[in-house]
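# Commentary on secondary and tertiary structure
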Amino acid sequence: MAPRIRTSARTAAGSTPQPGGSRGHGPAVHPEVWASPARAVRPLAVLLAAFVVLGPAVRLAVDAVAGDPSMPHAWLDEAARLVDLDAEGNLPTYFSAALLAATAVGLALGATLSRARGALAWPLAVPAAVAALLSVDELASLHEQLALLADLLGVDAGLRFSWVVPGALVAVAVGAVLLLVARRMAPRLRRRLVVAGLVYLLGALVVETASSGLSRPSADGGPEVVQSTAYVLLNALEEGLEMVGALLALRAVLLVLRTAVTPRGVVVDLDPAEPALRHA
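Residue numbers here run from 1 along each chain, matching the order of that chain's written sequence. Where local features are concerned, this predicted model is filtered to residues with pLDDT of at least 70; where side-chain atom pairs are given and counted, the filter is 80 or more; whole-chain, interface and lining totals use all residues. Hydrogen atoms and water are omitted, and side-chain values are computed over all heavy atoms in the structure.

So, on to the overall build of the protein chain. Going along the chain from the N terminus, every DSSP run of H or I of four or more residues is numbered as a helix, and every run of E of two or more is numbered as a strand. Secondary structure assignment for the protein chain yields nine helices and five strands. When the helices and strands of the protein chain are placed in sequence order, the string is β-α-α-α-α-α-α-α-α-β-β-α-β-β. Among the 280 residues that make up the protein chain, the fraction classed as buried is 38%. For this analysis, residues touch if any pair of their heavy atoms sits within 4.5 Å. Counting only contacts in the protein chain whose residues sit at least 6 apart along the sequence, the fraction spanning at least 24 positions is 68%. Only carbon and sulfur atoms are counted for the fraction: they give 67% of the accessible area of the protein chain, which is about 15000 Å². Only protein chains enter the accessibility calculation, which uses a 1.4 Å probe. A residue is then buried if its area is under 20% of the maximum for its type, exposed if over 50%, and partly exposed in between. Where accessible areas are quoted, they stem from the Shrake-Rupley method and a 1.4 Å probe; at the residue level, only the protein chains shown are allowed to cover.

Below is the structure:
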């Protein structure tokens, strides 16, 4: 049976759990020994590093033997696809989406706990919605549909990834809203999330724009990517920065939470040592 998640609003409201149980009935629900879920960041960082190194290494190795008829190219191409940072629907894609989804869940949980204390919920709920949308975008590549808007307005700037221009405008607008929302956050959480967002955008927009320059005219007159060593490495940098940004955001969120295992299940609470919201 999966452990049940319990929030501990009664603890925050000032009730003191008794050693013998909760109001004298059964074992205590709110223990005194807590752990930080941010401990999960280290193994995730190791997995992230493995994807960033393995992806381009396998891609370049497979490309190096592309002309050898004795090699099992079907197997090699599939192996490269599974870890290719420039591909969709593979292991790095699901990993990035999972990081963003976990960030959204953590922020939503923090918003719920804040509301249970009578505090504001929307300063955490708004970035939770943005993180959830980014997670969906990672799986469905929704941002690429902005290329249609770029073509309609004629603002593709000659880039292979024409969605970058309207995407930058959307990023500025959403970033401005998030910065206003972040004013209600505690300084440490705000600073950590801003750094995470800047790292993410550095990969998603700046390095993506640079990699779009590594293209040549295709048969239909449009730009076509040149699968060179430079492109593969630049793409690894781009995707790596996006994953690092997502992991930093997840770490920032996990640091304001604390967990404990009790006989009644897993207790999740806001960590009073790492406030999520700025005091009024």
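What follows deals with the pattern of salt bridges. Salt bridges are identified by distance alone: a Lys or Arg side-chain nitrogen within 4 Å of an Asp or Glu carboxyl oxygen. This model, assessed by the stated rule, comprises seven salt bridges. Ionic pairing is found between E274 and R188, a salt bridge with its closest N-O pair at 3.6 Å. Residue E274 is located in the segment after strand 5 (265-270), and its partner R188 is located in helix 8 (residues 187-212); the two are separated by 86 residues in the primary sequence. On the accessibility criterion, E274 (15% relative accessible area) is buried. Of the residues examined, R188 reaches a relative accessible area of 36% and is grouped as partly exposed. Note that D269 and R258 form a salt bridge whose closest N and O atoms lie 3.2 Å from each other. Of the two residues, D269 is situated in strand 5 and R258 in strand 4 (residues 257-262); the sequence distance between them amounts to 11 residues. With respect to class, D269 is no different from R258; both count as buried.

For the rest of this paragraph, the subject is the pairing of strand 4. Pairs of strands are assigned from DSSP output, requiring at least two bridges between the strands. Sheet topology places strand 4 next to strand 5; six bridges connect them, and they run antiparallel. Counted as the bridge partner of T262 is G265 from strand 5.

Moving on, we get to the packing of helix 4 (residues 91-116) against helix 9 (residues 229-254). Relative placement of two packed helices is described by the angle separating their axes and the distance separating the axes. For the pair helix 4 and helix 9, the least separation of the axes is 9 Å and the interaxial angle reads 25°. Considered as vectors, helix 4 and helix 9 are oriented roughly parallel to each other. Judged by the twist between their axes, the crossing of helix 4 over helix 9 is left-handed. Taking contact as the criterion, the partners of P92, F95, S96, L99, L100, A102, T103, G106 and L107 in helix 4 are, on helix 9, M243, A246, L247, A249, L250 and V253. Asp, Glu, Lys and Arg are counted as charged, while Ala, Val, Leu, Ile, Met, Phe, Trp, Tyr, Cys and Pro are counted as nonpolar; the rest, among them Gly, fall into the polar class. Looking at side-chain class alone, the contact of helix 4 with helix 9 contains 12 nonpolar, three polar and no charged residues. Note on method: axes are straight lines fitted to C-alpha atoms, helices fitted across the in-contact stretch only, with angles between N-to-C directions ranging 0 to 180 degrees. Should an angle fall under 35 degrees it is taken as roughly parallel, and over 145 as roughly antiparallel, whereas 65 to 115 is taken as roughly perpendicular and any remaining angle as oblique. Crossing handedness is defined as follows: a turn of the near helix away from the far one that is anticlockwise and smaller than a right angle gives a left-handed crossing, while the clockwise case is right-handed.

Locating E239 in the fold gives a position in helix 9. Looking at E239, the relative accessible area reads 14%, which means it is buried. Apart from residues no more than four positions distant in its own chain, E239 is found in contact with L85 and E138.

Before going further, it helps to examine the nonpolar core. Core analysis: the biggest nonpolar cluster contains 19 residues, and L124, M185, L189 and L193 have the highest contact counts within it. Elements that contribute at least two residues to this core include exactly helix 4, helix 5 (122-140), helix 8 and helix 9. Beyond its immediate sequence surroundings of up to four residues, L124 is in contact with L107, G110, A111, S114, M185, L189, A276 and L277. We define the nonpolar core as a collection of buried residues of types Ala, Val, Leu, Ile, Met, Phe, Trp, Tyr and Cys that are connected through side-chain atoms lying within 4.5 Å of one another. Counting residues in hydrophobic clusters, the runner-up holds 17 residues, among them A38, L99, Y200 and A246.

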